[in-house]
Amino acid sequence: MSFALDSTALDLLFRDAHTVHAFTDEPVTDEQVQAVYDLIKIAPTAFNQSPLRLTVVRSPEARQRLVQHMAEGNQAKTAAAPLAVILSADAEFHEELPRLFPAFPAAKDTFFGERSVREQSAVLNAAMQAAYFIIGVRALGLAAGPMNGIDHAGIQKEFLGEDHFPLMVVNIGKPAADGHFPRSPRLDYADVSTTH
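Residues numbered from 1 in each chain as written. Predicted model: local features only at pLDDT ≥ 70, side-chain atom pairs only at ≥ 80, totals over all residues. Heavy atoms only, no water.

S.K.: Even after reading the chapter, I still don't get the packing of helix α2 (residues 30-40) against helix α7 (residues 115-139), so can you show me in this structure?
M.R.: A pair of packed helices is characterised by two quantities: the angle between their axes and the separation of those axes. Running from N to C, α2 and α7 cross one another at 125 degrees; their axes reach a closest spacing of 9 Å. Here α7 runs oblique to α2, going by the angle between their axes. Every pair of crossing elements has a handedness; the one defined by α2 and α7 is right-handed. Along its contact with α2, which presents V36, L39 and I40, the element α7 presents Q129, Y132, F133, G136, V137 and A139. (Axes fitted to C-alpha atoms, helices over the stretch in contact; angles between N-to-C directions. Helix = DSSP H or I, 4+ residues; strand = E, 2+ residues; numbered from the N terminus. Parallel < 35°, antiparallel > 145°, perpendicular 65-115°, else oblique. Left-handed = near helix turned anticlockwise from the far one by under 90°. Contact = heavy atoms within 4.5 Å.)

S.K.: Just checking my understanding: could you explain the sheet that holds strand β2 (residues 83-90) for this structure?
M.R.: Two modes of strand pairing occur in sheets, parallel and antiparallel, and in both the strands are linked by backbone hydrogen bonds. The four strands lie next to each other as β1-β2-β4-β3, forming an open sheet whose pairing is antiparallel. Looking along the sheet, the strands with just one partner apiece sit at the ends: β1 (52-57) and β3 (143-147). With strand direction ignored, the average angle separating the axes of adjacent strands in the sheet is 30 degrees. Bridge count between β3 and strand β4 (residues 164-173): five bridges; the pairing is antiparallel. Residue G145 lies in a different strand from β4, and its bridge partner there is N171. (Pairing = 2+ DSSP bridges.)

S.K.: It is not clear to me how unusual backbone geometry should be interpreted in this structure. Could you clarify?
M.R.: Residue F47 is not a glycine yet carries a positive backbone phi of 55 degrees. Within the secondary structure, F47 sits in the loop between α2 and β1. Positive phi is not limited to glycine here, since N48 has a value of about 55 degrees. Mapping N48 onto the fold places it in the loop between α2 and β1. Note on N48: relative accessible area 33%, which makes it partly exposed. (Buried < 20%, exposed > 50% of the residue type's maximum accessible area, 1.4 Å probe, protein only.)

S.K.: Help me understand empty space enclosed by the protein in this model?
M.R.: Remark: the empty space left among the atoms is shown by a probe the size of a water molecule rolled over them. Per the stated rule, a full pass over the model turns up one cavity of 30 Å³ or more. By volume, the largest cavity amounts to about 30 Å³. Together, V28, Q32, V33, V36, F133, V137, L140, L142 and I172 line the largest cavity. Broken down by element, the residue count for the lining of the largest cavity peaks at three residues, all from α2. Its residues assigned to classes, the lining of the largest cavity comprises eight nonpolar, one polar and no charged. (1 Å grid on protein atoms, 1.4 Å probe; cavity = no way out; pocket = protein on both sides within 12 Å on 5 of 7 lines; lining within 4 Å. Points joined across faces, edges and corners; volume = space filled by probe spheres on them. Nonpolar A, V, L, I, M, F, W, Y, C, P; charged D, E, K, R; others polar.)

Function cannot be inferred from these measures alone, as they are strictly geometric.
Here you go:
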C-alpha cells in the first residue's frame, strides 16, 4: 500500500516512534512548543472546538511541584526531562465557539449549555488534540514521553483550577540513546476490525 507520506516521514511519526523515558540535556524552547501547537491546532475536532490546554512546566520550582504529583515510577523521568507539559481539557471551551465555529454561533448554547455535556466533549476532543500534539512533537524531530500515571486531582488543584481537567503529562526532548524500551506487541487488523 502506498501512503501520501514517504517512508522517512512514516518512520518518524509512527513506525520508529516510541514513548521515550530518557532524554539528552538539549533544551526544548518555547518557540518549539509553539511551533508544535501551531501545527496541530488545525487538525479536526467536533464543532472545531479547541478544548486542549497546555501548561508548560519550565521552572525548577514548578517542576518540583509537578514531580510530587507523578506516580513513583514517573517521578525521576519528569524531573530529568528537558521539558514537561501538562495537557488538560478546558470545560469552558464553548465560550470560544462563536469565534471558532462561525457557521453556527448558537452551538455554544444549543449543544453545550449543560456542564456535563461540555465536560464529556472537552475530554474527548482534548484527548484527540493530545494525540495530535504527540505526533506534532515527533514531526518537529523531538520525542514525547506521555504519562497518565499522575495524581489527576493533585495536578488540577496545583496547576489548573476547577474548569481544566488534566489528561496527561508529556515529557519532551531529544531522546537519549537508550531512552526507550523495545516495542511491545500490537493487535493486528483482524483483531480489532469488524465488517458489516
